[in-house]
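Spelled out from the first residue to the last, the chains are:
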Protein chains: 2
Amino acid sequence: MVGIQDVYDAHERIRDYALWTPVMTSSTIDKLTDCQVFFKCENFQRAGAFKFRGAFNTVSQLTEEERKKGVIAHSSGNHAQALALAASLIGVKATIVMPKNSPQVKVNATRGYGAEVVFCENSTESRVQVADELIEKHDYVLIHPYNDERIIAGAGTAALELIEEVEDLDYIFCPVGGGGLLSGTSIATKNLCPKSVVIAVEPENADDAFRSFRDGKIYPSVNPNTIADGLRTQLGEVTFRVIQKNVDSIITVTEEEIVGAMRLLWERMKMVVEPSGAVSLAGLLKMKDELYDKRVGVIISGGNTDLTEFFSQLL
Amino acid sequence: MVGIQDVYDAHERIRDYALWTPVMTSSTIDKLTDCQVFFKCENFQRAGAFKFRGAFNTVSQLTEEERKKGVIAHSSGNHAQALALAASLIGVKATIVMPKNSPQVKVNATRGYGAEVVFCENSTESRVQVADELIEKHDYVLIHPYNDERIIAGAGTAALELIEEVEDLDYIFCPVGGGGLLSGTSIATKNLCPKSVVIAVEPENADDAFRSFRDGKIYPSVNPNTIADGLRTQLGEVTFRVIQKNVDSIITVTEEEIVGAMRLLWERMKMVVEPSGAVSLAGLLKMKDELYDKRVGVIISGGNTDLTEFFSQLL
């Protein structure tokens, strides 16, 4: 099973390419929560999310032969942009299959990082089918967004940096969707700071990971209706095993709590955080009565959100 | 005249209270501008703007007698919150005179930092009159938002930190309103990095500093119609002298260019920056043809903007 040495190795590989993102603090939020909060800000990571860490760690380990073939992913989200950027930095061709209703800004960003975008219909089936056809035809190497030990190890480097920088933590809060970030975070935390409690946070409206963890079997994510678009996915076999071993608890938050956390982050910390990235703070706020005087880490996973669209829905 | 030693002294005084804010970079913006840009992010400063540096530097130098009297300012902007916080940290009573139409969020923030808020009518005359009455009655010490050497020296510590961190700069871009930040920035820059060109940026719709600099006399700022609310003030006698000595050029930007720079900062750098804070980037973008391959510093002055209000006007 993927372990702390893999996270160390990943950190070595990404060292000159990923940003060591800042740890931010806010005396207002400390006062509000009665604890000491350390935000690991992956919204400032290259391509706007933690995903770049895992993507780069994975592509940089491909064999010479695999590099020549090129990589492919089907994603309309942060994995697409992260893989496009990682592949371009390493000099590997990337093809991204995106639903044809993807926001133009994400299509542009993915192309901007040098990837070829191939459109498909808006269903998951179509995404998989189009990707499969392209793999069949060109022998591209499929890079899974989370259910891959290299992706997990890369994702774990964010918590590794956080703990190297602030040392002791009593708690760490992390979003969970497919479980890649949570897996990596939990490995880094339980190894470097074993007494730390690892809390995963999920939208109530997409609570498949919560139920999977409770019942010991992976539930599918069926049409989840949440603003946190990065967390609509379900756990994978690889991430589920790591999570079962290392995570202490999964809690859920409402849509209102997610938007409230986003607002707090931009009003008081001046940071643009995407809904999926704000769920960890939402979870902390929900549990604050249990956190008095504790040192708490919060992983802010990304900042790729279209504010104009966000406010046009809100106003 | 206030000089580099005052900036060093200010930095010593604020060391344990102000944040050494991060210098952020963006490969997207570097690619867009064909130069290397270093953003000094005072939107992440305590109370959300560079103003805390000068306010703390000033209050910490008051005599024991002045401290007992308490301080006062008339401001609806960042100076109010900065002074409230600085005074509260030093244990001095602060009174802030605010127009009664001030946004509730600013009133709450100022009170949240422990200041007493006294409301006045919405005119400048009323602000000054109400403050004068309170000074007459209570003997409060008036703290000017910019036309004060202690405020200027404090403001200069942001550029001091930037230059200590990134060393050589060919250019530095800074917003100008009353000129406190620009004065401090120009002193730090011309002393620590003499070959650096200091460019001030002002909204076209509030171009009194541009005209004052050109004609060698201070023009008043008459009903300026700009979204950059922090830059609606006019130069003071003290700041004007420093600026005449140290600044190379003042350029202006349109309202559209200001909003465009704000958008670039939140979309690509995930930072909430207020309009006044984004004018420096707007100026850089306007001059980019002259900056090829240069190392450019940009002072982001603050992040106190109400996004909900911003988008409700925009959408």
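Calculation criteria
Residues numbered from 1 in each chain as written. Chains lettered and ligands numbered in written order. Predicted model: local features only at pLDDT ≥ 70, side-chain atom pairs only at ≥ 80, totals over all residues. Heavy atoms only, no water. Disulfide = S-S within 2.5 Å. Buried < 20%, exposed > 50% of the residue type's maximum accessible area, 1.4 Å probe, protein only. Core = buried A, V, L, I, M, F, W, Y, C linked by side-chain atoms within 4.5 Å. Contact = heavy atoms within 4.5 Å. Phe/Tyr/Trp six-rings, centres within 6.5 Å; stacked < 30°, edge-to-face > 60°. Helix = DSSP H or I, 4+ residues; strand = E, 2+ residues; numbered from the N terminus. Lys NZ or Arg CZ within 6 Å of the ring centre and 35° of its normal. Salt bridge = Lys/Arg side-chain N within 4 Å of Asp/Glu carboxyl O. Least-squares fit on C-alpha atoms with pLDDT ≥ 70 in both. 1 Å grid on protein atoms, 1.4 Å probe; cavity = no way out; pocket = protein on both sides within 12 Å on 5 of 7 lines; lining within 4 Å. Points joined across faces, edges and corners; volume = space filled by probe spheres on them. Nonpolar A, V, L, I, M, F, W, Y, C, P; charged D, E, K, R; others polar. Pairing = 2+ DSSP bridges. Axes fitted to C-alpha atoms, helices over the stretch in contact; angles between N-to-C directions. Right-handed = clockwise from strand over helix to strand, strands pointing away. Domains from an automatic or database assignment. Buried area = accessible area lost by both parts, 1.4 Å probe. Polar contact = N/O pair within 3.5 Å; in protein donor to acceptor, adjacent residues only side chain to side chain.

(A) Broad picture of the state of the cysteines. Counted by the stated rule, this structure contains zero disulfides over all chains. Take B:Cys41: it sits in no disulfide, and the sulfur closest to it among the cysteines is that of A:Cys41, at 12 Å. Looking at B:Cys193, it has no disulfide partner, and the nearest cysteine sulfur is the one in B:Cys174, 15 Å off. Classification of B:Cys193 by relative accessible area gives buried; the value is 3%.

(B) Expanded view of the nonpolar core. Membership of the largest hydrophobic core comes to 78 residues, with the highest contact counts inside it found for A:Phe39, A:Phe173, B:Phe39 and B:Phe173. If near-sequence neighbours (up to four positions away) are discounted, A:Phe39 is found in contact with A:Pro22, A:Val23, A:Met24, A:Ile29, A:Leu265, A:Met269, A:Leu281, A:Val298 and A:Ile300.

(C) Geometry of the packing of aromatic side chains. Under the definition given, this model contains 14 aromatic pairs over all chains. Aromatic pair A:Phe52 and A:Phe56: ring centres 5.7 Å apart, planes at 45 degrees, arrangement tilted. In this pair, A:Phe52 and A:Phe56 are both assigned in helix H3 (residues 51-59), four residues apart and thus about one turn of the helix distant. Judged by relative accessible area, A:Phe56 falls into the buried class, the value being 3%. Between B:Tyr17 and B:Phe56, the aromatic rings sit 4.4 Å apart at their centres with planes inclined by 25 degrees, giving stacked as the arrangement. Residue B:Tyr17 is located in the loop between helix H1 (4-14) and strand E1 (23-24), and its partner B:Phe56 is located in helix H3 (residues 51-59); the two are separated by 39 residues in the primary sequence. The class of B:Tyr17 is partly exposed, set by a relative accessible area of 36%. Taken together, the ring pairs connect A:Trp266, A:Phe310, A:Phe311, B:Trp266, B:Phe310 and B:Phe311 into an aromatic cluster. Note that A:Arg211 overlies the ring of A:Tyr219, its terminal NZ or CZ placed 5.0 Å from the centroid.

(D) Main features of the environment of B:Asp34. All names here are of chain B. One can find Asp34 in the loop between helix H2 (27-33) and strand E2 (36-41). Judged by its relative accessible area of 45%, Asp34 falls in the partly exposed class. In the structure, Asp34 is positioned 260 residues away from Lys294 in sequence and 8.2 Å away in space, judged by C-alpha atoms.

(E) Representation of the pattern of salt bridges in the model. All chains considered together, the criterion is met by 30 salt bridges over all chains. In this structure, B:Glu267 engages B:Arg263 in a salt bridge whose closest nitrogen and oxygen atoms are separated by 3.4 Å. Of this pair, B:Glu267 and B:Arg263 are both found in helix H12 (residues 255-269), four residues apart, which corresponds to roughly one turn of the helix. By sharing partners, the salt bridges in this structure join A:Lys40, A:Glu42, A:Arg53 and A:Glu161 into a single network.

(F) Looking closely at the relation of the copies chain A and chain B. Taken as rigid bodies, chain A and chain B are interconverted by a rotation of 180 degrees and an axial shift of 0.0 Å, the fit giving an RMSD of 0.0 Å. Here the transformation between the copies is reduced to the relation of a two-fold axis. When C-alpha distances to the rotation axis are compared across chain A, the minimum falls at A:Met271, with a value of 2.5 Å. A shared interface surface links the copies, since 96% of the contact residues of chain A are contact residues in chain B too.

(G) Inspection of empty space enclosed by the protein at higher detail. Residues and elements named next belong to chain B. Going through the model one piece at a time under the given rule, you end up with three cavities of 30 Å³ or more. Its boundaries defined by the atoms lining it, the largest cavity holds a volume of some 30 Å³. Forming the boundary of the largest cavity are Phe50, Lys51, Gly54, Ala55, His79, Pro145, Ile151 and Ala155. Within the residue set of the lining of the largest cavity, elements represented by two or more residues are H3 and helix H8 (149-166). Taken together, the residues of the lining of the largest cavity sort by class into five nonpolar, two polar and one charged.

(H) Geometry of unusual backbone geometry. Residue and element names in this part refer to chain A. A positive phi angle is found at Asp34, which is not glycine, with a value near 60 degrees. Its identity is not glycine, yet Glu167 carries a phi of approximately 60 degrees, on the positive side. Summarising the element assignment, Glu167 is placed in the loop between helix H8 (149-166) and strand E7 (171-175). Residue Glu167 is classed as exposed on the basis of its relative accessible area of 55%.

(I) Geometry of the sheet that holds E1(B). All names here are of chain B. Pairing is mixed across the open sheet formed by six strands, whose spatial order is E1-E2-E10-E7-E8-E9. Edge strands, defined here as strands with exactly one partner in the open sheet, are E1 and strand E9 (249-253). Here H12 sits on the sheet and contacts E1, E2, strand E8 (197-203), E9 and strand E10 (295-300); the angle it forms with E9, its principal contact strand, is near 85 degrees.

(J) Fine view of the pairing of E7(A). Residue and element names in this part refer to chain A. With five of its five residues buried, E7 lies for the most part within the structure. Here E7 shows no split at all, with Tyr171, Phe173 and Pro175 on one side and Ile172 and Cys174 on the other all buried. For the crossover from E7 across helix H9 (residues 180-192) to strand E8 (residues 197-203), the handedness is right-handed. Pairing analysis gives three bridges linking E7 to strand E10 (residues 295-300), with the strands arranged parallel. Across the sheet, the residue bridging to Tyr171 is Val296, located in E10.

(K) Examining the domain arrangement of chain A more closely. Residues and elements named next belong to chain A. Along its sequence, chain A is organised into domain 1 (4-48 + 148-309) and domain 2 (52-142). Once you take the C-alpha centre of each, domain 1 and domain 2 turn out to be 24 Å apart. Buried area between domain 1 and domain 2, summed over both chains or domains, comes out near 1700 Å², and the portion from carbon and sulfur atoms is 56%. It is Arg13, Ala47 and Arg150 in domain 1 that bury the most area against domain 2; as a group they hold 36% of the surface buried on that side. Our enumeration of links across domain 1 and domain 2 arrives at three salt bridges. Lys106 serves as the salt-bridge partner of Asp229, at 3.7 Å between the closest nitrogen and oxygen.

(L) Highlighting the interface of chain A and chain B. Taken together, the contact pairs 25 residues of chain A with 24 residues of chain B. At the junction of chain A with chain B, the criterion picks out 10 residue pairs in polar contact (both at pLDDT 80 or more). Its residues assigned to classes, the side of chain A that touches chain B shows 11 nonpolar, nine polar and five charged.

(M) Looking closely at the pairing of strand E4 (residues 94-99) of chain A. All names here are of chain A. Within E4, six of the six residues are buried, which leaves the element mostly enclosed by the surrounding structure. Alternating residues of E4 divide into Ala94, Ile96 and Met98 and Thr95, Val97 and Pro99, and every residue in both groups is buried. One ladder, built from four bridges, connects strand E3 (residues 71-74) with E4; its direction is parallel. Looking across to E4, one finds that Ala73 is bridged to Ile96. Where E4 lies against strand E5 (residues 116-120), five bridges are found, and the strand directions are parallel. Its bridge partner lying in E5, Val97 is registered against Val118. Handedness of the crossover joining E4 and E5 through helix H6 (residues 104-112) is recorded here as right-handed.

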